[in-house]
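A closer look at the structure
So the chains spell out like this:
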Amino acid sequence: MLATGVSMASWVARTPAVRDALDVTTGAMGLVLFGLSIGSMAGVLASGGLVRRHGGRSVITLGAALLVAGLLVIAGGAALEVSGGVFGGLALFGAGMGLAEVAFNIEGAAVERAVGRPVLPVLHGCFSLGTVVGALLGMGLTALRFPVGWHLAAIALAVAAAGAWTVRAVPAGTGREEPEAADDHARGGGWRAQVAVWRDRRLVLIGLIVLAMAFAEGSANDWLPLLMVDGHGTSATAGSLTFMLFAVAMTTGRFTGGPLLVRYGPAAVVRASAVIAAVGVALVVFSSSALLAGAAVVLWGLGASLGFPVTISAAGEGVRNASARVAAVSTAGYAAFLVGPPSLGFLADHVGLRNAMVVVLVLLGGAALITGALRTPEREAGTGAYSGVNGVEGAAPEGAAAPDSRTTAGPAPAAEAGPATDVDAGAGGLSRGASGRTP
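What counts and what doesn't
- Residues numbered from 1 in each chain as written.
- Predicted model: local features only at pLDDT ≥ 70, side-chain atom pairs only at ≥ 80, totals over all residues.
- Heavy atoms only, no water.
- Helix = DSSP H or I, 4+ residues; strand = E, 2+ residues; numbered from the N terminus.
- Buried < 20%, exposed > 50% of the residue type's maximum accessible area, 1.4 Å probe, protein only.
- Contact = heavy atoms within 4.5 Å.
- Areas by Shrake-Rupley, 256 points an atom, 1.4 Å probe, with all protein chains shown as cover.
- Core = buried A, V, L, I, M, F, W, Y, C linked by side-chain atoms within 4.5 Å.
- Phe/Tyr/Trp six-rings, centres within 6.5 Å; stacked < 30°, edge-to-face > 60°.
- Expected span 1.5 Å × (residues − 1).
- Salt bridge = Lys/Arg side-chain N within 4 Å of Asp/Glu carboxyl O.

1. Quick look at the overall build of the protein
In terms of regular secondary structure, the protein is built from 18 helices and 0 strands. Burial statistics for the protein: of 439 residues in total, 53% are counted as buried. Sequence separation of at least 24 residues holds for 79% of the intrachain contacts in the protein that already meet a minimum separation of 6. Summing over all exposed atoms, the protein offers an accessible surface of approximately 17,900 Å²; the carbon and sulfur share of this is 67%.

Take a look at the structure:
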């Protein structure tokens, strides 16, 4: 995920240079950028079904290959000044990102169930760290007037080398489901499995939370620099530095949030996160001081940092259809990333960008009210998910017998184990059934 973060930030940082190389208007560049949206949505929508059929490692490998190919095509299109080439490269790049991101989430959720502690926040923290590194590198190379084509080609080769080295450590078959392992509604895989899981009311609420939290994060990614420039009258450099501050806050929150999750549980942490993010957004929107608004970006970033990974983790708790549930919620979150922030642009045309951000406040407030859905039901207290570790959430009531220690210390005995799930035998010591017993 570090490599995907570097790749995305490298592209974003060099977008002005690509536009200048193509010598197109802003409107025409918008059409070129549409290739990224098309590819990303196609990859996100296809990833869950591909993981269930072929396993996460295969999908991550395919996603990485498409991402590298996309960067090379973009580099070539920019060097040759061919808009169609950049459009096609962005479509490949977006498809690779979409495929890999959902598969990463499925892998991370499987690891959490096996080890019994938070993993996804750190994985997403690696992506955020990658965006910081990529942005700094892009800013430096832009200042040196380094050719954008050579820059993106070098990033593509680095990602290819990193992918070839790391993908071998991913266990083969994680997330793959045989038809007999799925429940009656999800049997048959594909779209039927991904749609069937939404019959669970708890998963619907989790999906609404991830929509709100992803919307808050994506809005900052797309609009924060312009919000500071147009809304608070700062310079373009100050706007870029403010976004960098947001990215650093996101990275910090994701790398340091694990102990909070273990101690207080996902529901309390995400509720507090939504409130903190809402306070940050409110200060940015309503404060008349550019300095205060810039400082409040730290609250926005810290508050938004854990929402997406923690809700993905909650969706993957349990032993039935975990990969389908994670894929469904991931799709909802990435849809919010891709569709939500651009919709603010249309609203901003009528009410202004600062006023449009009130939508983010409303969504964060709504998410804070339904975070109870992230609590692990008592009947799932023995699945080994980290929400039950150390007696936080899902622990036995006072005076009641504690869950059998075997459910968090390792795989259940064969006679008690549930159906085979996402974690296949392979590298890393993960094996089918390691996520715990059936409720």
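From this point, things continue past the structure.
2. Looking at the nonpolar core
In terms of nonpolar packing, the biggest core is built from 96 residues, with Trp-11, Val-86, Leu-224, Trp-300, Met-357, Val-360 and Leu-364 touching the most fellow members. Broken down by element, this core gets its largest block of residues, 14 residues, from helix H9 (residues 201-232). Beyond its immediate sequence surroundings of up to four residues, Met-357 is in contact with Ser-219, Trp-223, Leu-227, Val-281, Val-285, Trp-300 and Leu-344.

3. Regarding the environment of Leu-292
Within the element layout of this structure, Leu-292 appears in helix H13 (residues 290-305). Sequence-distant contacts of Leu-292, defined by excluding residues within four places in its chain, comprise Leu-283 and Ser-287.

4. Details of the environment of Glu-317
Within the fold, Glu-317 resides in the loop between helix H14 (307-315) and helix H15 (322-351). The exposure class of Glu-317 is buried, given its relative accessible area of 4%.

5. Describing the packing of aromatic side chains
Think of a pair of aromatic rings as described by two things: how far the centres are apart, and how the planes are tilted against each other in angle. For the structure on display, the rule yields 3 aromatic pairs. Ring centres of Phe-246 and Trp-300 lie 6.1 Å apart, and the angle between their planes is 75 degrees; this geometry places the pair in the edge-to-face category. With Phe-246 in helix H10 (residues 236-256) and Trp-300 in helix H13, the pair connects residues that are 54 residues apart, well separated along the chain. Neither Phe-246 nor Trp-300 differs from the other in exposure class; each is buried.

6. Here's the deal with H13
The first and last C-alpha atoms of H13 sit 23 Å apart over 16 residues, in line with the 22 Å expected at 1.5 Å per residue. Listed as buried for H13 are Ala-293, Gly-294, Ala-296, Val-297, Trp-300, Gly-301, Gly-303, Ala-304 and Ser-305. Residues of H13 that are buried make contact with H9, H10, helix H12 (266-286) and H14.

7. Notes on the pattern of salt bridges
Note that side chains of opposite charge can pair when their charged atoms are close. By the definition in use, this model includes 3 salt bridges. Ionic pairing is found between Asp-200 and Arg-325, a salt bridge with its closest N-O pair at 2.9 Å. One end of the pair, Asp-200, is in the loop between helix H8 (190-196) and H9; the other, Arg-325, is in helix H15, with 125 residues separating them in the sequence.

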